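Observations on the three-dimensional arrangement
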Amino acid sequence: MIATPERLIILPSLVFENIEKIRIGEDGKPRQILRHLSMTITAGRITVLIGPSGCGKTTLLRLVNRLEDPTAGRILLGSQDISLLDPLELRQVVGMVPQKPFMFAGTVLENLQQPFLLRKQVPPSPKDSIWSQCLGQVDLADEFLPRQARSLSLGEQQRVGLARALLCHPQVVLLDEPTSALDRPSSDRFARSIRSLCQETHLTLLLVTHDLWFAERVADYVVFLDDGCIIEQGTAVQIFSAPQTTALQRFFLYPDKAGVTP
């Protein structure tokens, strides 16, 4: 197993403390993306962020991976304020798979070798079982290994991206719309794979999805965002069987409608 950097102290939580994020729009005016957001993501659990488009879900993921920094507030990984960590070091333990993952030129195997090469390590032999095992975790067969990564469908690229992230043995994985390019049977298989993976490895997953069918099947805990705020949160059973706020009830009826207010 690949060791995590020694200076990181990983405790069983990812904590958001009074997070705010403001961006300057094309018109030069400030726009508040996240506002006074506080929550704790428990380790070893699949937490799903839902909400209308533009409510700040993907921005929140980017803050955890330090692709952006919050305007105010702080994020703790265990006891560590992530703003004090080198971003490259942080990404050793917090992996992110964007909706459109970057594929290096070359085969799927060559893409999976990249985490080793970036750490200046010699990758295992191409015949090593690690590669087929890694693909199996994301519901891909080892026959994908010799295929050109950039020729794959978007859904297949997303799963290769996740497999590549898992080779770093992260503590936390961030997924942005992982089923956006999958049909329903593939989405269901992926949900089963993800749940099995987290149960076996105690991985913490924080993911964004518009697919409420997938969210209900994969989530342990659900957070509903609207207009940059947490409106409601709870277990998947609580959220999907008994939504408490008018905003969430309306969102379930009209999930594509932005700007729902409580």
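Before any of the text, the structure's been laid out above.
Now for a quick tour of the structure. Since the structure is predicted, the reported quantities are computational estimates derived from the model, not experimental observations.

Calculation rules
Residues numbered from 1 in each chain as written. Predicted model: local features only at pLDDT ≥ 70, side-chain atom pairs only at ≥ 80, totals over all residues. Heavy atoms only, no water. Pairing = 2+ DSSP bridges. Helix = DSSP H or I, 4+ residues; strand = E, 2+ residues; numbered from the N terminus. Contact = heavy atoms within 4.5 Å. Axes fitted to C-alpha atoms, helices over the stretch in contact; angles between N-to-C directions. Phe/Tyr/Trp six-rings, centres within 6.5 Å; stacked < 30°, edge-to-face > 60°. Buried < 20%, exposed > 50% of the residue type's maximum accessible area, 1.4 Å probe, protein only. Polar contact = N/O pair within 3.5 Å; in protein donor to acceptor, adjacent residues only side chain to side chain.

The subject of this paragraph is the sheet that holds strand S2 (residues 30–42). Across the sheet, which stays open at both edges, the 4 strands sit in the order S2-S1-S4-S5 with antiparallel pairing between neighbours. Strands with a single pairing partner mark the edges of an open sheet, and in this sheet they are S2 and strand S5 (80–81). In this sheet, strand S4 (residues 72–77) lies alongside strand S1 (residues 13–24) in antiparallel orientation, the contact comprising 5 bridges. Its bridge partner lying in S4, valine 15 is registered against leucine 76. Relative to S1, helix H1 (residues 57–64) is tilted by about 115°, and along the sheet it contacts S1, S2 and S4.

Let's shift gears to the packing of aromatic side chains. Geometrically, a pair of aromatic rings is defined through the distance of the ring centres and the angle of the planes. Under the definition given, this model contains 6 aromatic pairs. Seen in terms of ring centroids, phenylalanine 102 and phenylalanine 104 are 5.0 Å apart; in terms of plane orientation they differ by 85°. Their pairing is edge-to-face. Taking relative accessible area as the criterion, phenylalanine 102 reaches 51% and is therefore assigned exposed. The exposure class of phenylalanine 104 is partly exposed, given its relative accessible area of 28%. Residues phenylalanine 240 and phenylalanine 252 carry aromatic rings whose centres are separated by 5.4 Å and whose planes lie at 20° to one another, so their mutual orientation is stacked. Of the two residues, phenylalanine 240 sits in helix H8 (residues 236–241) while phenylalanine 252 sits in helix H9 (residues 246–253), which places them 12 residues apart along the sequence.

Turning our eyes to something else, we now look at the environment of tyrosine 221. Examined against the element boundaries, tyrosine 221 turns out to sit in strand S9 (residues 221–226). For the pair tyrosine 221 and proline 126, spaced 95 residues apart in sequence, the C-alpha to C-alpha distance is 38 Å. Among all residues touching tyrosine 221, those that are not within four sequence positions of it are Arg45, Ile46, Thr47, Val48, Gln233, Gly234, Thr235 and Ala236. A polar atom in the side chain of tyrosine 221 sits 3.2 Å from the side chain of glutamine 233.

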